[in-house]
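Chains, contacts and geometry: an overview
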Amino acid sequence: MVGIVVVSHSRALARAAVDLAAQMLHGQHVRIVIAAGLDEETFGTDAVQIHEALLEADQEGDGVVVLMDLGSAVLSAELALELLEDDAARQRVLLCPAPLVEGLVVAAVTALSGATGPEVAAEALAALAGKQSQLDHSGADHYREGDPADAVTGRFQVTPAHGLHARPAARLVQRLQGIDARVELRNLTTHSGWVPAASLSRLATLGALRNHDVEVRANGPQARQALEELQALARRNFDDPPSAGSRDPSQPSGDHTPIDASSRGDLLAQAIGGPFPASPGIGLGPARLATGRAATPAATVETAEDPAEGRRRLDTAVAAVRAQVQDIRRRVADDVSEAEAAIFDTHLALLADPELLEPARSRIAAGQAASSAWANAVSVAAAGYESLADPYLRARSADVRALGNQVSRHLLTASDPSDELGERGGVLVAADLTPAQAATLDVERIAAVVLAFGSPTAHSAILIRARGIPAVVGAGAAVLGIADGTPLAVDGTTGDLVIEPSEAVVAGFQARAVAAQARQQQALALAAAPATTRDGVQVLVGANIGSIEDARDAMAAGADLIGLVRTEFLFLGRAKAPDVQEQESVYRALAETMAGRRVTLRTFDVGGDKPLPYLPQAIEANPFLGSRGIRFALQHPELLADQLLAMVRVAHDVPLSVMFPMVSTLDELLQARRILDDAITLAGRGRPAEFQVGIMIEVPAAALRAATFAPHVDFLSIGTNDLTQYTLAAERGNDAVGPLADPLDPAVLRLVEATCRGAGAHATVAVCGELASDERAAAVLVGLGVRELSVTPHAVPGVKQAVRALLCSEAAALAARTLDAPSADAVHRLLRPPGRPDS
C-alpha cells in the first residue's frame, strides 16, 4: 500500500489533519508519517526529519505521496528527496501540490483502496473540486472583469507540436504587452475555466495541446487589436520553430535498450537508439556526476520580517536573476543565434508573471518571510503544470522550479549549483542540462558531456556544440549509475562512449583526437589562404553572419568574404524600424571588421516565422507560403528604400553586395531593382564601383527560371534550407516528415544543377544554406558548378580544406552520379566521410 508523508510547519496542525483523515478510514490503517515542526512548539521544517519519514513510509516499497503545507515545506521536501541514496526509492516518491487538509483526506481513502502512487496524488490534486463547485455555482469566474457581453470574442487552434508550452505561451504574453485590453482564454476542447492571458503560469493550466481550440475574450479600448494579434500569432504557429523531437526530455526514451553500467571497458553502442553524437570531438577523463542535489537551497527556520524589507529583498533577488538570464541570452545570441537565445524569453516572462509575483508580495505584506512567500508562489505555479495530463507540458514544472530556485538562492544567499558544474575537471554526466547550464559550461574544465536523455537537436545540445565541448546524448538512464570518478572515453563525432576504457581503447581514442587535431591545425594554418582545387579552380569560402561579433569570428577563421548578412537582426525585437543613419553605421562597422573583403547584405527577410511588431501582417493560413522575404519588402517599399539607401552609401567606400531574399518571379526582382536605382540616385554619387546585386534561390520556381534572372544580376545564392523544404514539402523539424527534408536529396541537387546551368556565364552561383557547411558536400556542389560556399564561421577552415582536396573532373563525375541516385540515402553512401579512406 502507498504510504503518505505529511510535511507541515506545525506539528499540531499535522496531527489534527491526520486525525481528520483517520475518521474517513473507519478503523482501517494507512501508513501516514508526520514530519512537522522543529519540535512540539517550534514552527519550521527539517529536511533530515522528512528524509527519515520517507524511509518509514516506504517500508513496503509501494511508494510514497508527500503532502506539504507551504513555503519552505516544499524546499525541505525537495531536499529530503535528494538525500535519498537509493535511486529506486527516490523514483517512488511523489511530491504532491494538493492542499494539505483536503488532499490528505482524499489521499488516505484512495491509498486504502490499493491505488498506485500517481493515482493517489491525482485524486489528492482533485480534492478541491467539490468546494470549488459549491462556491462557484453561479458560473462566475475569479478573473472576470467587466461585462462579458461587451467583450470581443474569438478563437484559435493550437498548432505547436507540444501544445501551448512555455515558449509559445511566452510569445503570447509578450505579444499582448503594451495593448490596452484585458484578455482571457479558456480551452474549449477540455472545457477549462477562464485564465488571464497576461500570466504565463496560468496559461499552462489550460492544458492546451496540439489541435485544441482556445476561446479568447477581450475587454478594453484595444480589445479588437488584442484578439487579432493572438489569432495572427496562432496562425504563425506561435513563432515556434519546429521541434526536432517530441519525446519528453525528462523521461527515458522507449527506443533505448538498457545499458549495463557494470560492463566496463565495452563500447556502449545501441542497436537501436543512443548514445547519439551531439557535439564533435574526443573527451577523456573521470566521470563527474551532476546529481542536482545542490539545486534546491537548504531550508531555514523562517521568522516574519518587515514587509517593506521583505518586498525589497524579493524585488532585488528577482532583478538579479533577470540580469543573469538577460546576460546569458545576450551571450547565446552572440555565440549561437537569436533563435536559440529566444528560449530564454520564457524565463524572462516568468520573472514578470503577475500570477507568480503578486501572491508572493501579498504574503510578504501579511508578514511572511520573503523566501517562504516566494517558495509558496513558485510551488503553486509549478503545481499548475504538474496537474496537466500531457507529459511534455507537465515536465515544464521543472523549468518553473529551477527558475524559482535561482531567486530563492539569492534570497537565502546560497550558491548557484550551475557554478559547480565542471568545477572538478572531467566528463560531465547528467540526466539533462538546462539551456542556461549548457550556455555557461566551463570549456577549460569539462572534457566532454554525457547526457542520459535529450537529443542532438535539443537546445542544450546546440549550446554545447557552440561551446565546442564534445558530447553524446540519449545515452540512457543507466549512465547516471556510473560512479563518480570512473574513467570515461567519449567521441562526440561518432557517439561512442566507453566506461573504464582499457589502455588500448584509450590509445585508440587518443589517436582519433590527434588525427582530428592535426586536420584542424592544418586547416587553421591554411585558413587565410585561397581554397583552390588540385586542378586550379578557385572557390570562395565565405561566412554567414548575424552580428558584428560573428564578423570578427569570420575574419579570424579566414573567410574570403561575408556571403550572407542576416540584416533582420536590426529590425527584430524593437518598437520601430532602424533609420537610415543607424543602418549605415552598422553596415560600415561590419565592413570595417572584414578589412576590405566583400560583404553581402541580404535585405530584411521577415514575415513568415519572423514578424515585425511595428508592421502588423494580415492573418495568413500558411505564412511560410505567404508574405515573406521580398514579397513583404515590396509591400513596405519605404522600409526597403531606407535600407537600400544605407547600403548604397556604404558601397561607395567598400566592396558590397546586396541580395534580395525569397524571389520567385522576374517582376519581383525588377521592382526591387527600381527601388535600388532610386536609392542610388538619392545618394547622389552615381553607381558604386564594386557594387554587386544578387538574389537568393529558395523556391523551385526560381531555380527553374535561373536563366531568366541571370542577365539581371551578378550572382545567384542558393539557400538550401528553404529550397529543400519547399522542394520536398517537408519541414526539417517536423517529426512526421523531418527525415524527408534532406538537402542531399537528388531532387534538391537537380535544382542546384539547374541554377548553375541557367546562370551560365552571366552570374556566379553560391550556396549559403547549411549544406555548404557539410565538408562531404563540397565535392557535389563544386562538381555541379557552384563557385562560392558561405558557411558558419567556425566551418570555414575545414570547408576550404575539403575544396583543396578536390579535382574538378572527379567532382563533376561524382555530382552526375548523385543526380541519378534513387534517394538521399544513396547520395550519402556515395560521399566518403572526410579524413577516412575510400569505401
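Everything below is about the structure shown above.
These remarks concern the structure in this document. Every value quoted in this text rests on a predicted model; they were computed, and no experiment measured them.

**Examining the pattern of salt bridges**
As enumerated under the stated definition, the model contains 30 salt bridges in all. Ionic pairing is found between E810 and R534, a salt bridge with its closest N-O pair at 3.3 Å. Remark: R534 occurs in the loop between β16 (531-532) and β17 (538-545) and E810 occurs in helix α32 (residues 808-819); sequence separation between them is 276 residues. The exposure class assigned to E810 is partly exposed, which follows from its relative accessible area of 48%. A relative accessible area of 53% places R534 in the exposed class. Here R602 makes a salt bridge to D605, at a shortest N to O gap of 3.8 Å.

**Here we look at the packing of helix α1 (residues 11-23) against helix α5 (residues 100-112)**
Relative to each other, α1 and α5 sit at 40°, their axes nearing to 9 Å. Taken together, the axis directions place α1 and α5 in an arrangement best described as oblique. Crossing geometry of α1 relative to α5 is assigned as right-handed. Contact residues: α1 offers L13, A17, V18, L20 and A21, while α5 offers L100, V101, L104, V105 and A108.

**Some thoughts on the packing of aromatic side chains**
In total, this model carries two aromatic pairs according to the counting rule given. Each ring, one from F156 and one from F238, has its centre 5.6 Å from the other, and the planes form 65°; the classification is edge-to-face. Separated by 82 residues along the polypeptide, F156 in strand β5 (residues 152-157) and F238 in the loop between α10 (223-235) and β9 (276-279) bring together distant segments of the chain. For the pair formed by F156 and F238, the shared burial category is buried. Above the face of the W194 ring, R217 is positioned so that its terminal group lies 4.0 Å from the ring centre. A cation over an aromatic ring shows up here: R512 above the ring of F509, its NZ or CZ 4.5 Å from the ring centre.

**Examining α5**
In a regular helix each residue adds 1.5 Å, so 13 residues correspond to 18 Å; α5 covers 18 Å between its end C-alpha atoms and thus fits that length. Restricting attention to buried positions, one finds in α5 the residues L100, G103, L104, V105, A107, A108, T110 and A111. At its buried positions, α5 is contacted by β1 (3-8), α1, β2 (32-36), β3 (64-68) and α6 (117-125).

**Looking at the packing of helix α21 (residues 548-556) against helix α22 (residues 580-593)**
Across the interface, α21 lies against α22 with an axial gap of 9 Å and an inter-helix angle of 15°. The orientation of α21 relative to α22 falls into the category roughly parallel. The hand of the α21/α22 crossing is right-handed. Across the interface between the two elements, I548, A551, R552 and M555 of α21 pack against A589, L590 and T593 of α22. Here the residues of the contact of α21 with α22 are counted per class, giving five nonpolar, one polar and one charged.

**Thoughts on a nonpolar patch on the surface**
A surface patch of nonpolar side chains, about 290 Å² in accessible area, is lined by L20, M24, V101 and V109. With respect to the helices, strands and loops of the structure, M24 is situated in the loop between α1 and β2. Residue M24 is classed as partly exposed on the basis of its relative accessible area of 39%.

**A closer look at the side chain of T486**
Relative to the helices and strands, T486 is located in the loop between β13 (471-473) and β14 (487-491). Sequence-distant contacts of T486, defined by excluding residues within four places in its chain, comprise G285, P286, A287, I499 and E500.

**Structural notes on the sheet that holds β2**
Neighbouring strands of a sheet are bound in pairs by backbone hydrogen bonds; such pairs are parallel or else antiparallel. With parallel pairing, four strands are arranged side by side in an open sheet as β2-β1-β3-β4. Across the chains shown, the open sheet's two edge strands, defined by having one partner strand only, are β2 and β4 (93-96). Averaged over all pairs of adjacent strands, the angle between strand axes in this sheet comes to 20°, irrespective of strand direction. The sheet contacts of helix α2 (residues 47-57) involve β1, β2, β3 and β4, and relative to β2 the element is tilted by about 175°.

**Digging into the sheet that holds strand β10 (residues 282-289)**
Sheet architecture is open: seven strands sit in the order β9-β13-β12-β11-β10-β14-β15, paired in mixed fashion. The two strands at the open ends of the sheet, each matched to only one other strand, are β9 and β15 (496-499). Ignoring which end each strand starts from, the neighbouring axes of this sheet average 30° apart. Inspection of the sheet shows strand β11 (residues 426-430) paired to strand β12 (residues 446-451) by five bridges, in the parallel sense. Of the residues in β12, the one forming a bridge with V427 is A448. Sheet strands in contact with helix α20 (residues 503-525) are β10, β14 and β15, and its direction is about 125° off that of β10.

Here is what the cut-offs are and how they apply
Here the residue index of a chain counts from 1 through its sequence in written order. The predicted nature of this model means local features are confined to residues of pLDDT at least 70 and side-chain atom pairs, given and counted, to a pLDDT of 80 or more, with totals for whole chains, interfaces and linings taken over all residues. The side-chain numbers reported here are obtained from all heavy atoms of the structure, hydrogens and water having been left aside. Throughout this description, the term salt bridge denotes a Lys or Arg side-chain nitrogen within 4 Å of a carboxyl oxygen of Asp or Glu. Helix and strand assignments come from DSSP, with helices taken as H or I runs of at least 4 residues and strands as E runs of at least 2, each series counted from the N terminus. Partly exposed residues are those whose accessible area sits between 20% and 50% of the maximum for their type, while under 20% is buried and over 50% is exposed, using a 1.4 Å probe and protein chains only. Simply put, an axis is a line fit to the C-alpha atoms, just over the touching stretch for a helix, and the angle between two N-to-C directions goes from 0 to 180 degrees. Orientation is classified from the angle alone, with under 35 degrees giving roughly parallel, over 145 giving roughly antiparallel, 65 to 115 giving roughly perpendicular, and any other angle giving oblique. Crossings are sorted by hand: turned counterclockwise from the far helix by less than a right angle, the near helix makes the crossing left-handed, and turned clockwise it makes it right-handed. When checking whether two residues touch, look at their non-hydrogen atoms; a contact exists if any pair is within 4.5 Å. Aromatic contacts are taken between Phe, Tyr and Trp rings whose centres are within 6.5 Å, Trp giving its six-membered ring; a plane angle under 30 degrees counts as stacked, one over 60 as edge-to-face, and the others as tilted. Two conditions define a charge located above a ring, namely a distance within 6 Å from the ring centre to NZ of Lys or CZ of Arg, and an angle within 35 degrees of the ring normal. By this rule the span expected of a helix is its residue count minus one, scaled by 1.5 Å. Note that Gly is not counted as nonpolar here; it falls among the polar residues with everything else outside the nonpolar set of Ala, Val, Leu, Ile, Met, Phe, Trp, Tyr, Cys and Pro and the charged set of Asp, Glu, Lys and Arg. Residues enter patches when their relative accessible area tops 30% and they take part in no salt bridge; the joining distance is 9 Å for like charges and 5 Å for the nonpolar side chains Val, Leu, Ile, Met, Phe, Trp and Tyr. Note on areas: Shrake-Rupley, 1.4 Å probe, and residue coverage restricted to the protein chains presented here. Here, strands pair whenever DSSP counts at least two bridges between them.

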